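Each chain, written out:
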Amino acid sequence: MGLLSDPVRRRALARLVLRLNAPLCVLSYAAGVAWFLALAFPPLTQRTYMSENAMGSTMVEEQFAGGDRARGLARDFAAHRRKSGALPVAWLERTMRSVGLEVYTQSFSRRLPFPDETHERYMVSGTNVYGILRAPRAASTESLVLTVPCGPDSTNSQAVGLLLALAAHFRGQIYWAKDIIFLVTEQDLLGTEAWLEAYHDVNVTGMQSSPLQGRAGAIQAAVALELSSDVVTSLDVAVEGLNGQLPNLDLLNLFQTFCQKGGLLCTLQGKLQPQDWTSVDGPLQGLQTLLLMVLQQASGRPHGPHGLFLRYRVEALTIRGINSFRQYKYDLVAVGKALEGVFRKLNHLLERLHQSFFFYLLPALSRFVSIGLYMPAAGFLLLVLGLKALELWMQLHEAGVGPEEPRGATGPSPPVLPAQSVGLASLVAPLLISQAMGLALYILPVLSQHVATQHFPVAEAEAVVLTLLAIYAAGLALPHSTQRVVSAQAPDRGWMALKLVALIYLALQLACITLTNFSLGFLLAATMVPAAALTTPSGPRPVYAALLVLTSPAATLLGSLFLWRELQEAPLSLAEGWQLFLAALAQGVLEHHTYGALLFPLLALGLYPCWLLFWNVLFWK
C-alpha cells in the first residue's frame with residue numbers, strides 16, 4: 001500500500017507504466033495470437049479419453065442386421081413422400097405401430113418475421129411423428145432420442161428407413177432400461193424446436209403447436225441422423241450447437257469409439273484426422289480443423305438438430321453420412337451397428353453425462369484442447385485493453401506525469417491536463433447516441449420491412465438486409481451529430497475519458513462473450529483490439545479510419561466467410577462473398593427471432609455501439 005499512497009513512488013510507477021505500455025501491448029497481442037495458433041500442437045492438444053465409467057468399454061455385441069429392411073422402408077417412404085408432396089404422416093404412423101411403438105403426432109405452425117429466401121418459406125406448418133419404445137425393465141423416468149429431420153430441400157429417406165429398422169430391432173430386445181423415442185420432424189429445425197418446446201412445456205420462440213399426447217422420461221441424450229444415400233464412405237460429426245454450446249465430450253468419444261470398432265471412417269468438419277502428430281504436417285492439418293470449428297462455433301448457429309437439444313440440457317450429436325469417391329464404402333448395417341452400440345452404452349448411464357468437458361476445441365476427433373489451455377489466448381488479447389485503459393487513467397489522474405525523457409533532451413514536455421479539466425458531460429452525448437444507433441439497428445430492420453417494400457422495389461428479406469446496412473453506415477456520421485450536442489466548453493482531452501470508457505466497455509463485453517463462446521470472443525478480440533488500442537484523434541486519421549472500418553463487426557463477419565470457404569477448399573470470388581455476406585445477415589436476424597440465436601443482438605446492442613465510441617474518438621474535435 002505504501003507504493004500507491006506515496007506520491008513520489010506512485011509517480012515513478014506511472015512513468016514506468018507509460019514508458020513500457022506500447023511494448024507490453026504489442027507483446028501481449030502477439031502472445032495471444034501465437035498461443036491460439038499453438039493450440040493444435042502437442043502438448044497443448046491432448047488425447048481424448050472416456051471419463052464416464054458406465055461408458056468406458058465397448059464390449060457389447062451389436063446384432064443389427066436389418067440393412068435390407070432399412071433400404072426397403074426408405075424406398076417406401078420416398079415413394080409416399082413424392083406422392084403426397086409432404087411428410088407421409090399416415091404411412092409413418094402405420095409403420096411405427098407395426099413394429100410395436102406407441103405412436104403420436106404433433107402439428108405446428110410458425111410465421112417467420114420475414115420470408116426465408118434460402119428455403120423459400122414464410123408461413124411454415126408441418127407435422128412431427130414420434131414413436132416411443134417403453135423400457136421393459138424400468139419405469140419411464142429416463143429416455144433417449146433418435147431423430148431424423150426431413151426438410152423441403154432433403155427428404156433424408158435413407159435415415160428414416162434406418163430409424164424404422166432400428167426401432168424394429170430394438171423392440172425385440174429386453175435389456176432396455178430407458179425409453180427410446182424415434183422422432184421424425186418436418187421443416188428441419190423448426191419441427192425439432194416445436195417438438196422440444198412442447199415436450200418440455202415451454203414456449204421460448206413463439207411457436208404455435210399442439211400439446212404432446214405421449215411423453216417418455218427425462219431425455220438424457222439424443223442423436224440426429226442425416227443420410228444422403230444407401231452407402232456411405234464416412235460419417236461426419238457435428239457438435240456446434242445454438243449460441244456456441246457443445247455436448248459433453250464423452251458422447252463424442254463414445255461415438256468415435258464405436259466407429260473405430262466397426263471400421264467406419266469418421267470425420268470432423270469434413271476433414272480426416274491426422275495420423276502422425278509428431279511431424280509438423282499433422283498439427284497443421286489439425287489447425288485447419290480447429291479453425292473451422294472456431295468459425296462455426298462463433299456463428300452461434302445450430303449446425304444440426306442436435307444444437308437445439310443442447311438448450312434443454314440434453315447432450316446430443318448430429319451424424320451425417322457422406323458418400324464421396326473414397327475407396328471404402330459401408331452400408332446401412334455398419335451405420336446401424338454403430339448407432340446400436342451407442343444407444344446400448346447410453347442405456348447404462350445412471351446419471352446425466354457430466355464428468356467430461358463441456359468447453360473444448362477439437363483439432364481432430366482423437367484430440368482436444370481443454371478450457372484451461374485455450375483461455376490464456378483470449379486473456380492475452382484482453383490484457384491489451386487493460387493496459388491501454390491503465391495508461392489513459394494515469395494520464396487523466398496524474399498531473400504532470402509523462403514518459404521520462406532521455407537526459408540532455410531539450411524542448412518543452414507535452415502538457416498534461418489535470419483531472420478536474422475532464423468534463424463527464426462531454427461523454428453523455430456519444431454514449432447515448434451510440435446506444436440509440438445500436439437499438440435502431442436491432443429494432444428497425446424487421447419493423448420497417450413493410451414500409452420499405454411499399455416505397456422501393458425490393459422483397460421483405462432484401463428490405464431487412466438493406467435497412468441493416470443503411471443504419472450501420474449511418475453510424476459513420478455519429479461524430480458530426482455528437483459534436484452538435486456537446487457544448488463548446490468540453491475539454492480538449494475529453495476524448496481520453498471517452499476512450500477509457502470505451503476500452504472498459506469493450507473489455508467487459510469480450511470477457512463475458514469469451515466465457516460462454518470462446519470462439520466468438522477470440523475472433524472479435526483478435527480483430528477489434530488493435531484498432532481500439534491505436535485509435536486517437538491525432539496521427540494519421542485516414543489510416544486509423546481504414547483500420548477501424550476493416551475491424552468493425554460487419555467486416556469481421558465478411559472476412560470470416562472468406563476464411564471459412566478457403567479452409568473448406570472452396571474459395572469465393574468477391575461477388576460470391578458479398579452475396580454470401582448478405583445471406584448471412586438475413587439468416588442471422590431470422591435465426592435470432594426463430595431459434596433465439598444471440599449473435600445478432602450481441603453485435604447490434606453491444607459491440608456496434610462500442611465500435612461507434614471508438615469512431616467518435618477518432619473524429620473528436
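Residues numbered from 1 in each chain as written. Predicted model: local features only at pLDDT ≥ 70, side-chain atom pairs only at ≥ 80, totals over all residues. Heavy atoms only, no water.

Brief notes about the overall build of the protein
Note the following rule: In this text, helices come from DSSP runs of H or I with a minimum length of four residues, and strands from runs of E with a minimum of two, each type numbered from the N-terminal end. Only C-alpha atoms enter the radius of gyration, while the globule expectation follows 2.2 Å times N to the 0.38, with N the number of residues. Exposure categories follow from relative accessible area, calculated using a 1.4 Å probe and restricted to protein chains: below 20% of the type maximum is buried, above 50% is exposed, and the middle band is partly exposed. Whether two residues touch is decided by their heavy atoms; if any such pair falls within 4.5 Å, the residues are in contact.
The secondary structure content of the protein amounts to 21 helices and twelve strands. The C-alpha atoms of the protein give 28 Å as radius of gyration, which agrees with the globular expectation for 621 residues (25 Å, within 12%). For the protein, the C-alpha atoms occupy an extent of roughly 95 × 60 × 45 Å along the three principal directions. Per-residue burial for the protein yields a buried fraction of 53% across its 621 residues. Restricting the contact set of the protein to residue pairs at least 6 apart, pairs at least 24 apart contribute 81%.

Regarding a nonpolar patch on the surface
Going by this rule: Candidate patch residues must exceed 30% relative accessible area and have no salt bridge, after which like charges are joined if within 9 Å and Val, Leu, Ile, Met, Phe, Trp or Tyr side chains if within 5 Å. All accessible areas in this document rest on Shrake-Rupley with a 1.4 Å probe, and a residue is counted as covered only by the protein chains that are shown. Each reported salt bridge corresponds to a side-chain nitrogen of Lys or Arg within 4 Å of a carboxyl oxygen of Asp or Glu.
On the surface, L439, I443, L444, L447 and L605 cluster together into a nonpolar patch covering about 420 Å² of accessible area. Looking at the nonpolar patch element by element, the count peaks at four residues for helix 12 (residues 425-447). Inspection of the secondary structure assignment puts I443 in helix 12. Judged by its relative accessible area of 34%, I443 is partly exposed.

What about the environment of L523?
By the secondary structure assignment, L523 is in helix 17 (residues 518-534). For the pair L523 and E391, spaced 132 residues apart in sequence, the C-alpha to C-alpha distance is 25 Å. Ignoring sequence-local partners within four residues, the contact set of L523 consists of V294, L295, A298, T556 and S560.

What to know about the UniProt feature "transmembrane region" (unreviewed entry) in the protein
What counts here: UniProt positions are given in the numbering used here, feature names are shortened, and annotations may be inferred rather than shown by experiment.
Feature annotation in UniProt assigns "transmembrane region" (unreviewed entry) to the following positions: residues 20-41, 357-385, 422-443, 463-479, 500-523, 543-564, 571-590 and 596-619. Its end C-alpha atoms 22 Å apart, residues 500-523 is made of 96% helix and 0% strand. Within the segment residues 571-590, helix and strand shares are 85% and 0% respectively, and the terminal C-alpha atoms sit 26 Å apart.

Quick look at the nonpolar core
The nonpolar side chains of a soluble globular protein tend to be buried with one another. Quick note on the threshold: Put simply, buried Ala, Val, Leu, Ile, Met, Phe, Trp, Tyr and Cys residues joined by side-chain atoms within 4.5 Å make one nonpolar core.
The biggest cluster of nonpolar side chains holds 178 residues, and the ones touching the most others in it are L162 and W195. With residues near it in sequence (within four places) discarded, W195 still touches Q106, N128, Y130, V145, I181, L183, L212, I219 and F309.

Overview of the sheet that holds strand 1 (residues 46-47)
As a reminder, the rule being used: Strands are treated as partners if at least two bridges between them are detected by DSSP. To obtain each axis, a line is fitted to C-alpha atoms, and for helices this fit is confined to the stretch in contact; angles are then taken between N-to-C directions over 0 to 180 degrees.
Read across the sheet, three strands follow the order 1-12-11 without closing on themselves; strand pairing throughout is antiparallel. The open sheet has two edge strands, strand 1 and strand 11 (360-364), and neither has a second partner. Bridge count between strand 11 and strand 12 (residues 367-370): three bridges; the pairing is antiparallel. Its bridge partner lying in strand 12, Y360 is registered against S370. Packing of helix 8 (residues 281-299) onto the sheet brings it into contact with strand 11 and strand 12, and relative to strand 11 it is tilted by some 140°.

Overview of the packing of helix 4 (residues 89-98) against helix 5 (residues 157-171)
Basically, it comes down to this: Any angle from 65 to 115 degrees is called roughly perpendicular, while one under 35 is roughly parallel, one over 145 is roughly antiparallel, and all others are oblique. Rotating anticlockwise by less than a right angle from the far helix to the near helix defines a left-handed crossing, while the corresponding clockwise rotation defines a right-handed one. In this classification, Asp, Glu, Lys and Arg are treated as charged, Ala, Val, Leu, Ile, Met, Phe, Trp, Tyr, Cys and Pro as nonpolar, and every other residue, Gly included, as polar.
Between helix 4 and helix 5, the least distance of the axes is 10 Å, while the angle of their chain directions is 25°. When the axis of helix 4 is compared with that of helix 5, the two are roughly parallel. For the pair helix 4 and helix 5, the sense of crossing is right-handed. For the pair helix 4 and helix 5, contact is made by W91, L92, T95 and M96 and by V160, L163 and L164, respectively. In the contact of helix 4 with helix 5, the residues fall into six nonpolar, one polar and no charged.

Remarks on the packing of aromatic side chains
Within a pair of aromatic rings, the relevant descriptors are the distance that separates the centres and the angle that separates the planes. To keep it simple, the criterion reads: Each Phe, Tyr or Trp ring, with Trp reduced to its six-membered ring, pairs with another whose centre is within 6.5 Å; inter-plane angles below 30 degrees give stacked pairs, above 60 give edge-to-face pairs, and intermediate values give tilted ones. Here, over-ring charges are defined by two tests on the NZ atom of lysine or the CZ atom of arginine: distance to the ring centre within 6 Å, and angle to the ring normal within 35 degrees.
Tallied over the full model, the rule gives 21 aromatic pairs. Through a chain of ring-to-ring contacts, three or more aromatic side chains come together here, namely F170, Y175, W176, F182 and F343. Cation over ring: R215 sits above Y199, and NZ or CZ is 6.0 Å from the ring centre.

Observations concerning the pattern of salt bridges
Side chains that differ in charge, positive against negative, can pair when their charged atoms come close. Per the counting criterion, the structure on display carries twelve salt bridges. Salt-bridge contacts for D68 lead to R71; the nearest nitrogen and oxygen are separated by 2.3 Å. Here R71 and D68 lie together in helix 3 (residues 67-84), a separation of three residues that amounts to about one turn. Among the residues examined, D68 registers a relative accessible area of 58% and is labelled exposed.

Points about a negative patch on the surface
Keep this limit in mind: Here the positive residues are Lys and Arg and the negative ones are Asp and Glu; neither His nor the chain ends is included. Every charge is mapped onto a representative atom, which is NZ of Lys, CZ of Arg, CG of Asp or CD of Glu.
Negative charge collects at one region of the surface, where E117, E120, D153 and E462 lie side by side. Summarising the element assignment, E120 is placed in the loop between strand 2 (102-116) and strand 3 (121-133). Residue classification places E120 among the exposed residues on the basis of a relative accessible area of 73%.

Overview of the side chain of T318
Basically, it comes down to this: Distance and chemistry together define a polar contact, namely a pair of N or O atoms within 3.5 Å, with one atom able to donate a hydrogen and the other to accept it when in protein, and with adjacent residues in sequence counting only for side-chain atoms on both sides.
Structurally, the position occupied by T318 is in strand 10 (residues 315-322). With relative accessibility at 0%, the residue T318 sits in the buried group. A polar contact of 2.6 Å, which involves the side chain of T318, links it to the side chain of H306. Ignoring anything within four residues of it in the chain, the contact list for T318 reads A224, E226, D236, V237, A238, G304, P305 and H306.

Looking at the pairing of strand 5 (residues 179-186)
Short version of the rule: A crossover counts as right-handed when, viewed with the strands pointing away from the observer, the path leading from the first strand over the helix to the second turns clockwise.
Counting buried positions over the eight residues of strand 5 gives eight, a clear majority of the element. Every second residue of strand 5 is oriented toward a common face, with D179, I181, L183 and T185 on one face and I180, F182, V184 and E186 on the other, all of them buried. In this structure, strand 3 lies alongside strand 5, joined through five bridges in antiparallel fashion. Considered in strand 5, the bridge of G131 is made with F182. Across eight bridges, the pairing between strand 4 (residues 142-150) and strand 5 is parallel. Bridging across to strand 5, C150 finds its partner in E186. The handedness of the strand 4 to strand 5 crossover, carried by helix 5, is right-handed.

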